[in-house]
Every structure is written in C-alpha cells, then in structure tokens.
Amino acid sequence: MKISQTGLNLIKEFEGMRLTAYYDAVGVITIGIGTTNADYDITKTKIVPGMKISEQTALEWLEKSVNNKYVPKVMKYDAIYHWNQNQLDGLTSFAYNIGSIDQLVNYGKRSILEIGNKMLAYNKAGGKVLAGLTRRREAEKALFEKPVTHLKGWVQDSVGWSYYYKEDAYYKNGWQLIGNEFYYFYPDGYMASGEYIKSENYDTNNKLYYVSSDGAWDNHSYYWNHNSVGWWLQGDTGWYAKSEWFKVDGKWYYAKADGYIATGTLTIGSKIYSFKSTGEWVG
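Worth saying up front: this structure is predicted, and the values here are computed from it rather than measured.

1. Here we look at the sheet that holds strand β6 (residues 153-156)
Next up, step 1: Strand order in this open sheet of three strands is β6-β7-β8, and the pairing throughout is antiparallel. The open sheet has two free edges, formed respectively by β6 and β8 (169-170), since each of these has just one partner strand.
Next up, step 2: Examined bridge by bridge, β6 and strand β7 (residues 161-166) share four bridges and lie antiparallel to one another. Following the sheet pairing, Gly153 is matched in β7 by Tyr164.

If you want it as structure tokens, here you go:
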C-alpha cells in the first residue's frame, strides 16, 4: 500500500508550503512542505538559512519522502494491524510530523481503538500545547477512524489498480482469475502491468509470465536461456527480446540488438547505463 491523494492533501494542509527556509515552532530549519535535514537521505540537499526552492521541488520532495521513508514506518506494522487506506493515510501524516509511529502503537502492542485515542496526546511542542498540532491530531484521528468501503471490483488510485473481491478485502501477493483473465497482484495489493512475473513453481520450471499494460496475462510463457556468449529472454513461440528494455520480477534489463542481455556498461541512445553481471540495471 501507498499513501493516497487524501493522505497527501492532509499533510500539505497542515505543513503548508514555504519556498524559503525557515525555523519551525521548535527551532528546526524547514523548507517546502515540512522537509527538514532529517530527510537528507531522500533530498540529497542540506537545508540552510536563506535557501530557496521551487514549488515543483517542494512537491517532489514531499512525494519522495512520504513514499520512501514514512509509509514504510507505518507498513512495518501491517502484519499486525492490516491497515486500511484511511488508517495508512492518517498514520503516515502522523509519522511525517512526529518521525515514526513506534511509540504511538507501542511497538505493536496497542489496539486500533487505543491507537486512535492516543493520537490526540501528541499535540505538544517544547512541552506546550499548540492549537495547530491539536487540529492536526484531530484531523489525523478522524481520517484514521473513518471507515473504508469499496464496492466489489476494480479500484484505481494515484498509485495503480487494485481489485476488491468484497468490502475492505482485496487480492494481493499472487495470481488471481478475474472474469476470463489472469492478473498478478503485488503484496501491497496493486496490480502488476507491463512486466514478466515468475511462475509459482519458478524454481523448478523456470517459467515467466508476461502481464500487459492492462494487467492481463498474455497466455504465453517465457524463460531465460543462455549459451557461452550470454543470456537472453525467450518465449514459447520462439520470440526473444531484442533492442528493448524489459522488467522481470521488479528488475529492469536491456536486450541488445542480438538479443543478449546487457552487462557491464552500455551506451543506449546518448546515455551510458550500468548493469550487473547478471543483467540487472543498476543506474
């Protein structure tokens, strides 16, 4: 799962957007939409007094920080709580402001009801109750406790497509037959598209299945083949990839004009790309 637009809007509402660096209520230098030097591993930029950024940069930093740093802080407890979208959104906003949800959930020991009630206690800065933090905690609690309902069927958000087979229950982590087509769903519930997925018995049969841009399996199987020169991706019809990028089980590869996958460094167009000895693109 990833944060929805509702969750992002909640963060933006309370963080605001300031394009010149400033010190927040507790003296932390901040810029954009709540970005601080604690996010340096995401932004790769040190925030200093007088620094200015564009609105586009502020939005990009928010999205990167939320998706790469703060959503995982919430999702590490998903195996215990099985968060719904509203719970994830409310908690991610909380984590973005506080830093984590570890103490809020007492490392997975509190109930859902207790978590919602405890959120309101985090409304102080420097030991003083702040009206802005009180409003934020109330809004996060309201979203956290808001029921999520979906009709059966496909649901699309800013991240991708999911399929609800009943209210608040969606397919994840495997293949599913929907109608007359097979689809593959990631562990977070989003549908795979435009890539090759390992079969359930990949270790013994070496088969890969391709899901097209609309997510449906193309009814063919594919597999890696190799000789003394290198490796290539081949289909059951004799087709093989050449002069193209392709994605296998979340990793990108490039098939050269002769079909062999690239390793080492290779110039494609006007750019130089690096690949592992096993073919995975690394940058």
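2. Overview of the packing of helix α1 (residues 5-15) against helix α3 (residues 55-75)
Next up, step 1: Put simply, α1 and α3 touch, their axes get as near as 12 Å, and they point 120 degrees apart. In terms of their interaxial angle, α1 and α3 are classed as oblique. Classified by chirality, the crossing of α3 by α1 is right-handed. In this structure, α1 uses Leu8, Ile11 and Lys12 to contact α3, whose residues at the interface are Leu59, Leu62 and Val66.
Next up, step 2: Class assignment of the residues belonging to the contact of α1 with α3 gives a composition of five nonpolar, no polar and one charged.

3. Here we look at the sheet that holds strand β1 (residues 18-23)
Next up, step 1: Taken in spatial order, the three strands make up an open sheet running β1-β2-β3, and their pairing is antiparallel. Pairing within the sheet leaves two strands with one partner each, and these edge strands are β1 and β3 (35-36).

4. As for the pattern of salt bridges
Next up, step 1: Following the criterion strictly, the structure yields seven salt bridges and no others.
Next up, step 2: Linking Lys69 and Asp39 is a salt bridge whose minimum nitrogen-to-oxygen distance equals 3.4 Å. Linking Lys69 in helix α3 with Asp39 in the loop between β3 and α2 (40-43), this pair joins segments that are 30 residues apart in sequence.
Next up, step 3: Residue class for Lys69 comes out buried when judged on its relative accessible area of 17%.
Next up, step 4: Accessibility expressed as a relative area gives 1% for Asp39, which makes it buried.
Next up, step 5: Here Lys76 makes a salt bridge to Asp102, at a shortest N to O gap of 3.1 Å. Taken as a pair, Lys76 in the loop between α3 and α4 (78-81) and Asp102 in the loop between α5 (85-98) and α6 (112-118) lie far apart in primary sequence, 26 residues in all.

What counts and how
Residues numbered from 1 in each chain as written. Predicted model: local features only at pLDDT ≥ 70, side-chain atom pairs only at ≥ 80, totals over all residues. Heavy atoms only, no water. Pairing = 2+ DSSP bridges. Helix = DSSP H or I, 4+ residues; strand = E, 2+ residues; numbered from the N terminus. Axes fitted to C-alpha atoms, helices over the stretch in contact; angles between N-to-C directions. Parallel < 35°, antiparallel > 145°, perpendicular 65-115°, else oblique. Left-handed = near helix turned anticlockwise from the far one by under 90°. Contact = heavy atoms within 4.5 Å. Nonpolar A, V, L, I, M, F, W, Y, C, P; charged D, E, K, R; others polar. Salt bridge = Lys/Arg side-chain N within 4 Å of Asp/Glu carboxyl O. Buried < 20%, exposed > 50% of the residue type's maximum accessible area, 1.4 Å probe, protein only.

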